Structures are given as structure tokens and as C-alpha cells.
There are 2 protein chains.
Amino acid sequence: MELYDRIEHYLTEKLYPFWFARMAAPEGGFTTYFDKNGNHTGQTDKTIIQQTRSIFMLSHALRNGYGGERAHALLEPGLDWFLRTFQDSERDGWLWIVDKAGRPVSTDKIMYGQSFVIYSMSECALATGNMRARETAEHTFDLLQKYATDTAFGGYREMFLRDWSPRPSGVYGGDRKSFDVHMHLMEAYTTLYELTHLEIHRRKLREVIDVLWARMMHTPTWTGVAQFALDFTPLPAIIFKTVWGSDRDNAGDPRPLNNTSYGHNIEFFWLFLHALEVLKEDPAPWKQRLSDLASHTVRYGVDKELGGLFVEGPYDGPARDVQKEFWQQAEALVGFLDAYLFFEDPVYAEAFRKVFDFVWNKVINHQVGEWFALLDKSGNVLWDYLGHAWKNNYHTTRSMVQTLERLKKIERKGLSI
Amino acid sequence: MELYDRIEHYLTEKLYPFWFARMAAPEGGFTTYFDKNGNHTGQTDKTIIQQTRSIFMLSHALRNGYGGERAHALLEPGLDWFLRTFQDSERDGWLWIVDKAGRPVSTDKIMYGQSFVIYSMSECALATGNMRARETAEHTFDLLQKYATDTAFGGYREMFLRDWSPRPSGVYGGDRKSFDVHMHLMEAYTTLYELTHLEIHRRKLREVIDVLWARMMHTPTWTGVAQFALDFTPLPAIIFKTVWGSDRDNAGDPRPLNNTSYGHNIEFFWLFLHALEVLKEDPAPWKQRLSDLASHTVRYGVDKELGGLFVEGPYDGPARDVQKEFWQQAEALVGFLDAYLFFEDPVYAEAFRKVFDFVWNKVINHQVGEWFALLDKSGNVLWDYLGHAWKNNYHTTRSMVQTLERLKKIERKGLSI
């Protein structure tokens, strides 16, 4: 298939080589700070997200037959450095940011980061059989059960101080829950269960799935609600005061309550189907809800005219934020192919094409290899860096690997794309 | 005060001596199998409830100035034997029943028992400074956070197989929650927090309190609902198929849905006030609810004519089961004195008297020392054994110690009783 070959060539000849050549930081660990030309920006802080996503990227490559010796050679010392540097020797769990010398910069325990430890370590153990990675995944899971579960209302608290006491309320996030973090817990527990097949990992995966569907979705659209009070009362989403080690915006008014993220919705769509697959559960009972979710994403999220996926908008009308950010495009490619495979409705093949063409023609910096961070509706680049503390290698490489996987399935099924 | 002296004399000269003379099992651990004359019945199975309650009894005595060398001498080898025998070397946590030789008879992980490990070990560490007891309490707490929390709905699952996978549904209890077990978790976490003052123990204590008040009470009576589905839908209470190592009834039709236990309600009343005291929280905001609960117990639970506390009945009418079981009397003594101290309403002093006189004249086997297990409405003894696997020393001795405590407070406050 021309499309398959084109993407595989891009992944193996451009995207992976971009990272393989640049990601090893001379001082240890991984770096992901690259400008539009792929030159290192000079920033040296290391974030848990950047490190765990790099470990995931290499492990995911290896599990899917990419990277070979090169990926192994990068993974081993990077994993070792991460475990040595980021584990909090005082209060257990994982630091948020360290400096060039590996000294703590931000010691808060942020669930978003803790969940990526579980995800990346599980993927690493599946790819390489590394027992330290497996033990780390299991131990981090145990820590979250002790310190982060909300035994009053269910689900998890998301933001803690170094000693695992909740951060203050409001912008510090200590009294909020989010669709985003619970989705990433589902993602992490899926791969953990795939690794261990332990009942407790299965059970907690099932429970976080229950929370997502029963407490965190808007009905009848079955799309995600961004933020909640601890008792799952929906709240207008705010930006939390968390050091991201980047220029990610962290100010501004709360979002309207009538607001959903197309990117999170379509990412949830495929991560949930993947979870069911790992759980060996039949997706048929979920068909109507999933159809509601996916068709909402196509209807309001896809730019039919110019291609690509918008950022967000109300549950019941056209998009409000029509910029196009890299990660939503990456997740939409996988999600729409999954929707096409599940429903066999050409509307999803068409949605995939709309997003793919935008990615290929506007988002990817073909000369250098990675994707730009943010574009406007028309495809003009607004944030042109290729890598940063939180914009790095997990969404783009996983998207390409998973897209190829699904294109193969589509061909086997005899569907046209 | 005549009453104080009478109870203190009974506690120190009759009740404690009854146990001190009999509780050390020759083969190790504690025995609590005694007939109406205080003779050993010959039964030798050891249950987790019997062992942990015996450890609690001795520790509670020591913390309150009773027992001295005798209690120390019993506690040390009994604790050692329990830790050696009941800890599940295969799957961690605590066995339910072992035989005379210490071999597992029932390996299910029952939360009722696990919570008594936390309670008794915390009390033991507070009484003696024993570090193994403290570590055991903290480790068992951690295990429950990992294996027993319900992260979908909040609260805890209550019945597991040896490997901590939930037992089957229905009579095996794997899909039910109960007021009883959550109350005992509150009791255990209160003493654990009193011991450690760790934030995570405080937080989980607060959360189980939230679950009890928000999900497990009947409104507007603010009395307890016995059993629930995992999502806290009230269900007619059933007797679970759990080996109690005793003749406790475990068959029969479900209870009606309109049914509440006076004993659990009044036990919850004082355990909750004690939790607030340990948390250093003001009880004033709870005054109306607590008044509703306590006055319901007086109105329908107390036998004004013959004295004593009935077993159970509907939320909105007279008692249905008018037998009088030992433990409800024990808890009512403490609860009504607490209600008297809190509200300063003589109705609670009168309720205390009604129960106390029944206990003194009918329930206590003064010749031998302990209380009979079950009496009919008029005070005729139905089950005459003084000790069994689950009817042992925790309710009766704690009741006497806590009653004395409260009588002192009542005297200091200048109230009459």
C-alpha cells in the first residue's frame, strides 16, 4: 500500500533517526529540547514526562520491530539514569523535574508523571524483559493505591506534595480530578496488566474504566468532561500551577463548562478499545457509546475544509478553539483508523484522510523529521519547536507505529482507505 | 461514686481475672472457648478475630492502667505466636482460621479480620511501644489500600480469596459492602492515626468517615444501613457464607430492607466521636445528625420495661428482633454515656441505666466473670457460653474500661447519673 510504505519510510528514515541522533543527553538521561531546525535549544532541565516518554518511545519501537541495536543502546543507560535520578529517596515515588546535575527542581508528586512511570516501565519490561523496569512498574502501582486513591468517591487524586499529602486546592489541583489523568491511568494499567496478568492490575484497570465511563463523560454525547471536584461534579477547567519546564501556557480564564477536547476524546476511544483487547473483553456492548463519541469527534472536531483536528469546543456545537496542535493530530490518526475498523463506516476513513493530509502537508517538518508543536487553522506554524519538556517523542512515534499496525489490519480486512 | 466503684471492682476482680486465668492456649496463642461455667470447651481452632481481640484486650488494659505484669506476660508470647502463625507467607495479609497446630483452615482474606489486625496492633504499639506491632499495623494498612479499596465507587470490598481476588458474589460477599466493616475500618484507622500521626492515615480515616455518613446511612433517621451493592445501593442484608469457627447462625432469609441494628448504630455513635477527638475535629457540626441517631436508638432500641437493648428493627417503628445479645449491650453502655456527655439530656442517662441494670442483673455471669452470649427479651439465657471464636473479650472489657472513663468525665462535669 502506497500509504503504508510512505509512513513506514517516514518513521524509519526520518522520525526515529531524528530522535536516535539527538536524544542522549551528554550528562545522562534524555534530552528533548530542539528548535525548528532540530538544534538543541540549550535547555537542560529534565522532566519526568520527557524521560519516561523517551523510555516508552524506545521500548515501543523495540516491541514493534524498530530501532534494533540503536534503540537498545539508548534505552539501557537512559533507564538506568532515570531510575537513579528520579526516584525520591526520601518519600518514594518520582520527582517531577531535576536540573542538569540531577538535583531536584520540583519534587511534587504529580499523577500525570507517576502514571507515565508505570506505562513506560511496563512497556520496557515487555520489550526487553528487564526485571528492574517490571519491579518499578509494580511498585509505583502500589504507591498510587496507597497514596492517590480517593476512597471516599472513587478514582484518584492527582496532585501531591513531595510527602504525598494533597497539594492545596484550586490552581494547585489538590481537590480536582480530570479525564486526562484517569485516561492515562487506564493507558498505564493496560500495559501493566499486559505485562503481569495479575488480578489486582486487571481489577484496578476495570475500575478506572468504570470511573471514566460512569463519572467523567458528558451524556448523551459520551464525550469527556475535562475537570471535576473530588465528588465528580463537573467544573470549568482551569490551568494548574505546575512547572512544566516549558512555555506551555499556564494562565488565563477557566474554560467554559460546556467544553470538550476532541483530541482527548479520540485518544480515549482507541486506548479504551486497546484496554478491552488486553482484557479480552468484547467491545460490542460499547458500540453505541463509542459511535456517539467518534461521530461527535468527526462532526465538530475535524476541519472538513482544511484538514486536521481542532482543539476543543462545546458538546453541542462547532469548535471554539480551531488551532491545530500536534498531539491531537497524532491521536486522531490512530483513533479514526480504529473507528473505521470497528464500524466499517467510510466516514472514519475520510476523517483519517483529512487529518493525515494535514499532518503530512503542514505538521511534519519533513526536512528535519519531527512535527511542529502548534499551527493555526490554516496550517501556519505558531509554535515551531520540534521538541520540548512535554512536546517530545511519545505521541508522534506511537501514532506512526499504531497507524501502520491498523493499515495492515485494514488491508487484511479488504477495506479501502 | 458507688456505680464507678462497683464496675471497677467487677472489671478488675472478676472480668479481667476470668480472661487472665484462661486465655493462654497451651499450644500457643489465645483461646476463648469457654462454657457457662468458664470451663474450656475443648475446641482448638484459632480465629483471627479471637487472636487480635485478645491482643487488643491486653493492650487496651495496659493503656488504661490495668493488668500490669500479668497482661504484659500474656501479651508478649501471644503477639509473637500470632505474627508467626497468621501471616500468610504466600500472599501476604492474614489468614482467617488455623488449627491447633497452626496450619491454615480458612485462608480467605476477610476485611473484618484484617481491620482487627490494624486495630489491635496499633493499640499494642501505643500500649507497649512494640515496633513489630507498629510495622504490622502500617503494613496491613498498605495492603488494604492495594487490594481492598474500590476505586470505582469508593469504600472497600470486604471479602477476598487467599490471593486477594474478590470472593464470588452473593452469599460469598465479594460484591457487597457493609456498614459494619466500614465502621470497624474507622475504628482501626482511628487508633492507627493516634499511633502514627501520618497524613495518609488521617486522610484515609477521613475518607472512610465520609463514606459512612454520605453513602451508608438511612436518612432522615441517620441510622446505619447494613448492606449494599458495590455502588452503595442498599440491599436486604444476608448472612454471608464465612466460617466463623462457631455456632453463629449462617442461614436464613435476608433481613427486610427496612431494618437497622441498634447495636451498630450506638457503637458507631461513640466510635465516631472518638475518631473526631483523635482527629482534633469539633463535633458541633454533627450535632443534629448524632441526635437523630441516638434518639432513634433510645426510642426503638431500648426496652423501657425490662431493660437492655434489642437487636434490630425498622427505621420507622418498634423493634422486630427483641432478643438481647451481649455485644449490643456492651456498646450501648459507652454510647449512651457519650450521648449524655454530648447532649447533657437526662434521657441518655436513663437509657444507660436501663441497659446497665439489664447487663448487671441478667447478662453478666457474676459467679464466673464473663457475660452470657444471648438472652431473650425477659432476660432468660438462650446461648449460655461465655466465650467462643467470635464472642470473646473485646466488647465486654472495652465497654467496662470506657464506661469507667466516661463516668469520671460525668462526675467532673457535675452531671448526675
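Coordinates for the structure precede this section.
Cut-offs applied
- Per-chain numbering applies: the sequence of each chain, read as written, is numbered from 1 onward.
- Here chains are named by letter from A upward and ligands by number from 1 upward, in the order in which they appear as written.
- Confidence filtering applies because this is a predicted model: local features only for residues at pLDDT of at least 70, side-chain atom pairs given and counted only at 80 or more, and all residues used for totals across whole chains, interfaces and linings.
- Side-chain metrics in this entry use all non-hydrogen atoms of the structure; hydrogen atoms and water are not considered.
- In what follows, salt bridge is the name for a side-chain nitrogen of Lys or Arg lying within 4 Å of a carboxyl oxygen of Asp or Glu.
- Here a strand is any run of E in DSSP of at least two residues, a helix any run of H or I of at least four, and the numbering for each starts at the N terminus.
- Classification of residues uses two cut-offs on accessible area relative to the type maximum, computed with a 1.4 Å probe and protein chains only: under 20% is buried, over 50% is exposed, and between them is partly exposed.
- A pair of strands is considered paired only if DSSP assigns at least 2 bridges between the two.
- In this description, contact between two residues means that some pair of their heavy atoms is separated by no more than 4.5 Å.
- Angular values range over 0 to 180 degrees, each being the angle between N-to-C directions of two axes fitted as lines to C-alpha atoms, with helices fitted over their stretch in contact.
- Here, nonpolar core refers to any group of buried Ala, Val, Leu, Ile, Met, Phe, Trp, Tyr and Cys residues whose side-chain atoms link them within 4.5 Å.
- By convention, the term buried area covers the 1.4 Å-probe accessible surface removed from two parts as they join, with the contributions of both added.
- Any angle from 65 to 115 degrees is called roughly perpendicular, while one under 35 is roughly parallel, one over 145 is roughly antiparallel, and all others are oblique.
- Definitions for this section: a left-handed crossing has its near helix turned counterclockwise from the far helix by less than a right angle. A right-handed crossing has that turn clockwise.
- Note on residue categories: nonpolar means Ala, Val, Leu, Ile, Met, Phe, Trp, Tyr, Cys or Pro, charged means Asp, Glu, Lys or Arg, and polar means any other residue, Gly included.
- Least-squares fitting of one copy onto the other uses the C-alpha atoms of those residues that reach a pLDDT of at least 70 in both copies.

Take the pattern of salt bridges next. Overall, the coordinates contain 62 salt bridges over all chains when judged by the stated rule. Residue Arg398 of chain A pairs with Glu331 of chain A through a salt bridge whose shortest N-O separation is 3.2 Å. A residue pair is termed long-range when its members are at least 10 positions apart, and Arg398 of chain A in helix α12 (residues 394–412) and Glu331 of chain A in helix α10 (residues 326–343) qualify at 67 residues. We note that Arg398 of chain A, like Glu331 of chain A, is buried. Between Lys413 of chain B and Glu344 of chain B there is a salt bridge, and its shortest N-O distance comes to 2.8 Å. Taken together, the positions of Lys413 of chain B in the segment after α12 (394–412) and Glu344 of chain B in the loop between α10 (326–343) and α11 (346–363) put the pair 69 residues apart, joining distant regions of the chain. Its relative accessible area of 44% is what places Lys413 of chain B among the partly exposed residues.

With that settled, consider the sheet that holds strand β10 (residues 234–235) of chain B. Residues and elements named next belong to chain B. Pairing is antiparallel in the open sheet, where 3 strands are placed in the order β6-β9-β10. Each edge of the open sheet carries a strand with a single partner, namely β6 (176–178) and β10. As paired strands, strand β9 (residues 227–229) and β10 are joined by 2 bridges and run antiparallel to one another. What sits directly across from Phe228, in β10, is Pro234. Those strands touched by helix α6 (residues 179–196) are β6 and β9, and its axis lies near 55° from that of β6.

Moving on, we get to the nonpolar core. Of all hydrophobic cores here, the largest spans 285 residues; its most connected members are Met186 and Phe336 of chain A together with Met186 and Phe336 of chain B. Looking at this core, the element that brings in the most residues is α10 of chain B, giving 13 residues. When residues no more than four places from it in sequence are discounted, the contact partners of Met186 of chain B are Leu205, Val208, Ile209, Leu212, Phe268, Leu271, Phe272 and Ala275 of chain B.

Moving on to the interface of chain B and chain A. Facing 25 residues of chain B, the contacting portion of chain A comprises 25 residues. Summed over both sides, the interface of chain B with chain A buries roughly 2,100 Å², with 50% coming from carbon and sulfur. Area buried by chain B at its contact with chain A is led by Lys146, Thr151 and Arg203 of chain B, which between them contribute 31% of it. At the boundary of chain B and chain A, one finds 4 salt bridges. Among the ionic pairs, Asp142 of chain B bridges to Lys146 of chain A, the shortest N-O distance being 2.9 Å.

Glancing now at the packing of helix α8 (residues 262–279) of chain B against helix α9 (residues 287–301) of chain B. Residues and elements named next belong to chain B. Closest axis-to-axis distance for the α8/α9 pair is 10 Å, and the angle between their directions is 150°. Taken together, the axis directions place α8 and α9 in an arrangement best described as roughly antiparallel. For the element pair α8 and α9, the recorded crossing hand is left-handed. Two secondary-structure elements touch here, α8 through Tyr262, Asn265, Ile266, Phe268, Phe269, Phe272 and Leu273 and α9 through Leu290, Leu293, Ala294, His296, Thr297, Tyr300 and Gly301. When the residues that make up the contact of α8 with α9 are grouped by side-chain class, the tally is 10 nonpolar, 4 polar and no charged.

Residue and element names in this part refer to chain B. Where helix α1 (residues 2–22) contacts α11, the axes come no closer than 14 Å and their chain directions differ by 40°. One element, α1, and the other, α11, form an angle in the oblique class. For the pair α1 and α11, the crossing hand works out as left-handed. Facing Leu3, Arg6, Ile7 and Tyr10 of α1, the residues of α11 in contact are Phe352, Arg353, Phe356 and Trp360. Counted by class, the contact of α1 with α11 contains 6 nonpolar, no polar and 2 charged residues.

Moving on to the relation of the copies chain B and chain A. When chain B is fitted to chain A, the residual RMSD is 0.0 Å, and the transformation amounts to a turn of 180° plus an axial shift of 0.0 Å. In short, the pair behaves as if placed about a two-fold rotation axis. Scanning chain B for the C-alpha nearest the rotation axis identifies Gly154 of chain B, at a separation of 2.0 Å. Looking at chain B, 100% of its interface residues are interface residues in chain A too, so the copies touch through the same face.

For the rest of this paragraph, the subject is the sheet that holds strand β13 (residues 324–325) of chain A. Backbone-to-backbone hydrogen bonds pair the strands of a sheet. The strands run either parallel or antiparallel. All names here are of chain A. With antiparallel pairing, 3 strands are arranged side by side in an open sheet as β13-β14-β15. With partners counted over all chains shown, the strands left at the sheet margins are β13 and β15 (381–383), one partner each. Note that strand β14 (residues 374–375) and β15 share 2 bridges and pair antiparallel. Across the sheet, residue Leu375 finds its bridge partner in β15, namely Val381.

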